[in-house]
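Chain by chain, the residues run as shown.
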Amino acid sequence: MDPTAPNSGDPNGVAAAAAATAPTNTTVTLPAFTLRDVPRLPSAAADDGNATRIPNPISRHPYFHPPPTFYISDGDVSLRHAFFDLASSTPAPLVAYRRAGPRRELAVDPARGARAALVTCGGLCPGLNTVLRELVVGLQELYGVRDVFGVAAGYRGFYGPDDDHVRLDPAAVDDWHKKGGTVLKTTRGGFDLNKIVDGIVARGYTQVYAIGGDGTMRGAVAIFEEFKRRGLNISITGIPKTVDNDIGIIDRSFGFQTAVEIAQQAIDAAHVEAVSAVNGIGLVKLMGRSTGHIALHATLSSRDVDCCLIPEVDFYLEGKGGLFDFLYERIKLKGHAVVVVAEGAGQKLIPRTDDQKREQDESGNIVFLDVGPWLKSELGKWWKKEHPSELFTVKYIDPTYMIRAVPANATDNLYCTLLAHSAIHGIMAGFTGFVPGPINGNYSYIPLEDVAVAKNPVDVNDHKWAWVRSVTNQPDFLNTPAK
Ligand SMILES: Nc1ncnc2c1ncn2[C@@H]1O[C@H](COP(=O)(O)OP(=O)(O)OP(=O)(O)O)[C@@H](O)[C@H]1O
Ligand SMILES: O=P(O)(O)OC[C@H]1O[C@](O)(CO)[C@@H](O)[C@@H]1O
Ligand SMILES: [Mg+2]
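Just so we're clear, the structure is a prediction, and the values are computed from it rather than from any experiment.

A. Examining the UniProt feature "domain: Phosphofructokinase" (unreviewed entry) in the protein chain more closely. Mapped onto this numbering, the UniProt entry annotates "domain: Phosphofructokinase" (unreviewed entry) at residues 116–425. Helix makes up 39% of residues 116–425 and strand 15%. Its end C-alpha atoms lie 13 Å apart.

Laid out in structure tokens, this is it:
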């Protein structure tokens with residue numbers, strides 16, 4: 001199914017024309033939508049009448065009696081886009097996803113043979129341990145799955161020694177939500193598809209919960225495809241994690257808000273340092289390999305920032321309209337300035353050797369040069385050259401790992417819990433190859449293959465970036481840089 005195929009719900013733009021001219025309170029029919037459904041486990045998809053159907057054990061809970069609205073019906077969907085231009089004669093195709101949540105009937109028997117494997121991959125992110133905790137507790141206490149295992153050190157743990165597979169229960173994970181990092185440990189690289197799937201089969205896992213970023217999602221797609229190729233009745237879900245908030249389709253990723261909150265402390269410190277110096281600049285580097293969401297949100301929350309540099313916007317240093325002239329003018333105006341730079345910003349400007357151009361981490365991600373010290377040094381050299389008789393100080397703060405190594409804040413903790421439970425409910429419903437995540441606040445099931453390729457760059461044409469520009473009054477860097 002092609003989610004981007006034009007739909008035929010309103011080919012003549014009738015609804016659009018009606019909306020454009022209609023008085024208020026007129027009913028307008030939206031175009032038809034496409035349901036991007038998620039795959040089913042073979043045992044759940046059998047159409048010979050033998051598909052597994054088990055009453056949800058939550059209905060037998062001794063204390064909690066689910067009201068009728070508790071269960072999600074087969075027809076429940078959520079729309080990807082929450083707002084529409086009714087005046088448009090070419091309305092964008094609408095896409096819907098299945099709503100996440102518990103089903104009245106399960107397609108997996110949690111009490112017989114269910115064996116879950118949890119794994120964390122990629123970089124750290126606040127809330128990883130909360131997701132793990134809630135998966136364990138939800139699997140055992142909501143559904144009665146007895147065999148739950150943590151797989152150590154990322155995907156490579158699947159083909160690691162027995163010690164890499166640790167049995168988990170609610171008592172073992174009780175306080176994990178209070179810890180930063182991942183108790184299971186994480187790694188990059190080591191993605192050997194056959195060895196991983198062989199390891200999953202050899203240990204009898206029937207459900208895999210892979211928590212990670214875009215790379216982890218691409219790995220999960222490959223594992224899902226291999227399960228299908230081998231005809232295995234094993235389900236897999238990818239739980240999206242990225243402190244950079246660079247995963248598309250979902251509203252935001254867990255841990256992001258916590259990271260923005262911690263980043264405030266660095267910006268506050270940079271501001272104090274800058275204000276307390278003569279002609280002081282506070283420079284803060286924040287995470288954000290290919291997207292500037294952390295820098296952008298930290299800038300908007302702080303209001304002390306004079307310039308926010310993100311990977312999505314090219315900038316230049318010297319000449320009219322450049323960064324350094326702007327900072328000089330700002331210092332003349334206020335006596336100080338604060339700059340926030342995302343780690344992926346300005347990479348094209350930093351000179352690098354051929355070896356550096358080729359450098360990759362174990363997962364194949366390009367290794368970036370450190371924009372913070374480079375910017376500090378270039379700024380210092382420029383000031384000395386252009387304004388040798390004026391005092392000047394740059395204080396550089398790099399809180400990189402501090403903002404992602406902390407435990408999740410309350411909002412992210414709640415989010416992690418809902419994500420983990422959504423993942424379990426989906427697996428129990430017989431879904432596989434899916435990602436749970438909030439879309440316009442509604443938890444939904446999205447095909448893994450869609451999430452694996454969906455990026456989430458900062459939209460520099462939207463209101464949020466315009467707001468940054470109006471808060472900082474920084475240059476747009478559209479002039480031709482001086483040679
Ligand atoms: N295209 C791919 N196919 C299969 N596996 C992949 C692919 N890309 C990455 N992986 C594997 O997924 C795991 C995690 O990837 P990566 O280190 O890029 O982190 P990530 O999940 O993107 O998280 P982060 O947001 O921290 O970068 C690694 O084991 C890596 O080998
Ligand atoms: O040093 P590590 O663990 O490879 O992670 C660094 C990367 O991980 C991220 O936090 C998430 O992708 C990036 O912002 C950063 O470039
Ligand atoms: Mg990644």
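Let's pick the thread back up.
B. Representation of the nonpolar core within the structure. Judged by nonpolar contacts, the single largest core of 106 residues is most densely connected at Leu-118, Leu-135, Phe-158, Tyr-209 and Phe-254. When we break this core down by domain, the ones giving at least three residues each are domain 1 (94–254 + 408–453) and domain 2 (257–405). Listed in part, the 28 residues of the second largest apolar core include Tyr-316, Leu-317, Tyr-328 and Trp-382.

C. Summary view of the site of ligand 1. Taken together, 19 residues lie near ligand 1, and Gly-123, Gly-189, Asp-214, Thr-216 and Ser-363 sit nearest. Arg-218 places a polar side-chain atom, nitrogen or oxygen, 3.4 Å from a nitrogen atom of ligand 1. Asn-365 is positioned such that a nitrogen or oxygen atom in its side chain is 3.0 Å from an oxygen atom of ligand 1. When isolated, ligand 1 has an accessible area of 620 Å², and the protein chains bury 84% of it. Counting residues per element, the shell around ligand 1 draws most heavily on helix α5 (residues 214–230), which supplies five residues. Considered class by class, the residues forming the shell around ligand 1 number three nonpolar, 11 polar and five charged.

D. Spotlight on unusual backbone geometry. Residues other than glycine seldom take positive phi values, yet Asn-279 does so here, at roughly 50°. Take Asn-279: it is sitting in the loop between α6 (256–275) and β11 (280–286). Using a relative accessible area of 12% as the deciding quantity, one classes Asn-279 as buried. With a phi angle near 70°, Arg-303 is a residue other than glycine that sits in the positive phi range. Arg-303 sits in the exposed class, given a relative accessible area of 55%.

E. Inspection of the packing of helix α7 (residues 293–302) against helix α13 (residues 463–472) at higher detail. Put simply, α7 and α13 touch, their axes get as near as 10 Å, and they point 50° apart. With respect to their mutual orientation, α7 and α13 come out oblique. Considering the relative orientation of α7 and α13, their crossing is left-handed. Judged by residue contacts, Leu-296, His-297, Thr-299 and Leu-300 of α7 engage Lys-464, Trp-465, Trp-467, Val-468, Val-471 and Thr-472 from α13. Of the residues in the contact of α7 with α13, the class split is six nonpolar, three polar and one charged.

F. Spatial organisation of the site of ligand 2. All residues adjacent to ligand 2 are Arg-188, Val-243, Asp-244, Met-287, Gly-288, Arg-289, Glu-343, Tyr-401 and Arg-404. For ligand 2, an oxygen atom lies 2.5 Å from a polar atom in the side chain of Tyr-401. Here ligand 2 has 400 Å² of accessible area as a free molecule, and 77% of this is covered by the chains. Residues of the shell around ligand 2, tallied by class, amount to three nonpolar, one polar and five charged. Split by domain, the residues of the shell around ligand 2 number at least three in each of domain 1 (94–254 + 408–453) and domain 2 (257–405).

G. Highlighting α6. Relative to the 28 Å expected for 20 residues at 1.5 Å per residue, α6 spans 28 Å between its end C-alpha atoms, a close match to the ideal helical length. Taken residue by residue, α6 has Phe-256, Thr-258, Ala-259, Val-260, Ile-262, Ala-263, Gln-264, Ala-266, Ile-267, Ala-270 and Ala-274 as its buried positions. Along its buried surface, α6 packs onto β11, α7, β13 (336–342), β14 (393–397) and α11 (410–428).

H. Examining helix α3 (residues 128–142) more closely. Taking 1.5 Å of rise per residue, 15 residues should cover 21 Å, and α3 covers 20 Å from first to last C-alpha, within 8% of that figure. Most of α3 is tucked away, with 13 of its 15 residues classed as buried. A positive phi of about 75° marks Gly-144, the residue just after α3.

I. How the structure looks around the packing of helix α8 (residues 323–334) against helix α10 (residues 371–386). In the contact formed by α8 and α10, the axes pass within 11 Å of each other and the chain directions differ by 70°. Relative to α10, the element α8 is oriented roughly perpendicular. The two elements α8 and α10 cross, and the hand of that crossing is right-handed. Of α10, the residues touching α8 (which contributes Leu-323, Phe-324, Asp-325, Leu-327, Tyr-328 and Ile-331) are Leu-375, Glu-378, Leu-379, Trp-382 and Trp-383.

J. Here's a closer look at the pattern of salt bridges. The full count for this structure, using the stated rule, is 30 salt bridges. Close ionic contact of Asp-361 with Arg-188 constitutes a salt bridge, the shortest N to O distance being 3.7 Å. Residue Asp-361 is located in the loop between α9 (354–358) and α10, and its partner Arg-188 is located in the loop between β8 (165–167) and α4 (193–202); the two are separated by 173 residues in the primary sequence. With a relative accessible area of 24%, Arg-188 lands in the partly exposed category. Among the salt bridges present, the one from Arg-230 reaches Glu-226, with a minimum N-O distance of 2.8 Å. Remark: Glu-226 and Arg-230 occur in helix α5; sequence separation between them is four residues, near one turn of the helix. Overlapping salt bridges bring together Asp-198, Glu-226, Arg-229 and Arg-230 as one network.

K. Looking closely at the pairing of strand β16 (residues 442–447). Along β16, five of the six residues are buried, which leaves the element largely enclosed by surrounding structure. As defined by bridge partners, strand β4 (residues 94–99) adjoins β16 across two bridges and the pair is classed as antiparallel. Within the sheet, the bridge partner assigned to Arg-99 lies in β16 and is Ser-444. For strand β15 (residues 434–439) and β16, the ladder comprises six bridges, and the chain directions are antiparallel. Bridging from a neighbouring strand, Pro-438 pairs with Tyr-443 of β16. Taking the residues between adjacent antiparallel strands as the criterion, β15 and β16 are bridged by two residues, where Asn-440 takes a positive phi near 55°.

Cut-offs used in this document
- Residues numbered from 1 in each chain as written.
- Chains lettered and ligands numbered in written order.
- Predicted model: local features only at pLDDT ≥ 70, side-chain atom pairs only at ≥ 80, totals over all residues.
- Heavy atoms only, no water.
- UniProt positions renumbered as here; feature names shortened; annotations may be inferred.
- Helix = DSSP H or I, 4+ residues; strand = E, 2+ residues; numbered from the N terminus.
- Core = buried A, V, L, I, M, F, W, Y, C linked by side-chain atoms within 4.5 Å.
- Buried < 20%, exposed > 50% of the residue type's maximum accessible area, 1.4 Å probe, protein only.
- Domains from an automatic or database assignment.
- Near = heavy atom within 4 Å.
- Polar contact = N/O pair within 3.5 Å; in protein donor to acceptor, adjacent residues only side chain to side chain.
- Areas by Shrake-Rupley, 256 points an atom, 1.4 Å probe, with all protein chains shown as cover.
- Nonpolar A, V, L, I, M, F, W, Y, C, P; charged D, E, K, R; others polar.
- Axes fitted to C-alpha atoms, helices over the stretch in contact; angles between N-to-C directions.
- Parallel < 35°, antiparallel > 145°, perpendicular 65-115°, else oblique.
- Left-handed = near helix turned anticlockwise from the far one by under 90°.
- Contact = heavy atoms within 4.5 Å.
- Expected span 1.5 Å × (residues − 1).
- Salt bridge = Lys/Arg side-chain N within 4 Å of Asp/Glu carboxyl O.
- Pairing = 2+ DSSP bridges.

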